[in-house]
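Observations on chain architecture
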Amino acid sequence: MDASNFKSDLQKETQLSTLLDRLYHKHLRFYDFERISDLNLQLKGVDLIFTKKSDQKAFYIDEKAQLDYINDDLPTFAFELSYQKKGSLRQGWLFDPSKKTDFYALVTAIYSDEPQRYTSCKITMVNRANLLTFLKTKNLTQETLENYQKETNGKHGKFVLKELHSHQEGYLYSSTKNKVEKPLNLILKLDFLIENGIAKRLI
């Protein structure tokens, strides 16, 4: 990624966090929240800490935003299984044991109705432990998905998984031609996660 792209991405993230903080203030009735600036914590999958007002229990939140799809409302979200950096294959964030994430805040349907400003979005909260347990019950473990990865053999595009209904539940997507880091993602339907009690719409 060159410097101009990095600066542009950073600007987008800053603009989005302004909107998100406003929405959290408005919709989080039972929680206080704190945005994290510590880089070490961010690298461990912690962008925010939600603290329950009643008992002060803290939850680590990793914000994931569809900033490549502004003014578009996708029904799916990409969960990263692997990516490439400096020619070597790295583990994606979904199964990474070093991550401290309790919940993903999936930010979708990001609309920009005014210049240089995001005006609305949807936020879906996903319980990470419940998601990993649910995938395991479907036999979609890290090992199973790594075997699928070998089958993709560096090819670009969508790959159907026998464990999921590709139109209603999810599939694999390998981005070897359109993204520098060539990520392999597990694409899951948000409604499918909500129906199975793994996700809940916050906004």
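Throughout this description, residue numbers start from 1 for each chain and increase along the sequence as written. Local features in this predicted model are restricted to residues of pLDDT 70 or higher, and side-chain atom pairs are both shown and tallied only at a pLDDT of 80 or more, whereas totals for entire chains, interfaces and linings draw on every residue. As a rule here, side-chain values come from all non-hydrogen atoms in the structure, and water together with hydrogens is ignored.

Observations concerning the pairing of strand 4 (residues 76-85)
Filter applied, for reference: Exposed residues in this analysis have more than 50% of their type's maximum accessible area, buried residues have under 20%, and partly exposed residues fall in between, with area computed by a 1.4 Å probe over protein chains only. Secondary structure is summarised from DSSP: a helix means a run of H or I of at least four residues, a strand means a run of E of at least two, and numbering begins at the N terminus for each. In this scheme, strands are said to pair when DSSP sees at least two bridges between them.
Among the ten residues in strand 4, seven count as buried, and that is most of the element. Alignment of strand 4 against strand 10 (residues 184-189), held across six bridges, turns out to be antiparallel. Residue Thr-76 lies in a different strand from strand 10, and its bridge partner there is Lys-189. Looking at chain direction, strand 4 and strand 5 (residues 88-91) are connected through four bridges and run antiparallel. Directly across from Gln-84, in strand 5, lies its bridge partner Leu-89. Where strand 4 folds back on strand 5, the antiparallel hairpin that results is connected by two residues, among which Lys-86 adopts a positive phi of roughly 50°.

Topic: the sheet that holds strand 2 (residues 48-52)
The following threshold applies: Convention adopted: a line fitted to C-alpha atoms gives each axis, helices being fitted over their contacting stretch, and angles between N-to-C directions are expressed from 0 to 180 degrees. The contact criterion used throughout is that any non-hydrogen atoms of two residues lie within 4.5 Å.
Here we have six strands laid out as an open sheet, ordered 1-2-3-6-7-11, and mixed in their pairing. Strand pairing shows two members of the sheet lacking a second neighbour, strand 1 (31-35) and strand 11 (199-201), which therefore form its edges. Across the sheet, the mean angle from the axis of one strand to that of its neighbour is 30°, orientation sign disregarded. Where strand 1 lies against strand 2, five bridges are found, and the strand directions are antiparallel. Across the sheet, the residue bridging to Asp-32 is Thr-51, located in strand 2. Lying on the sheet, helix 3 (residues 128-137) is in contact with strand 6 (103-111) and strand 7 (120-127); it crosses strand 7 at an angle near 65°.

Brief notes about helix 3
Note the following rule: By definition, the arc is the one covered by directions from the helix axis to the C-beta atoms. Counting of polar contacts relies on pairs of N or O atoms within 3.5 Å, with two restrictions inside protein: one atom must be capable of donating a hydrogen and the other of accepting it, and residues adjacent in sequence are counted only when both atoms are side-chain atoms.
Among all positions of helix 3, only Arg-128, Leu-131, Phe-134 and Leu-135 are buried. Within helix 3, the buried residues cover an arc of 125° as seen down the axis, which keeps them to one side. For helix 3, exposure combined with an orientation more than 90 degrees from the buried face picks out Thr-133, Lys-136 and Thr-137. If you follow the buried residues of helix 3, they end up packed against strand 4, strand 6, strand 7, strand 10 and helix 5 (190-195). Capping the start of helix 3 is the job of one residue whose side-chain oxygen sits 3.1 Å from the backbone nitrogen of Ala-129: Asn-127. Residue Asn-139 follows helix 3 closely and has a positive phi angle near 65°.

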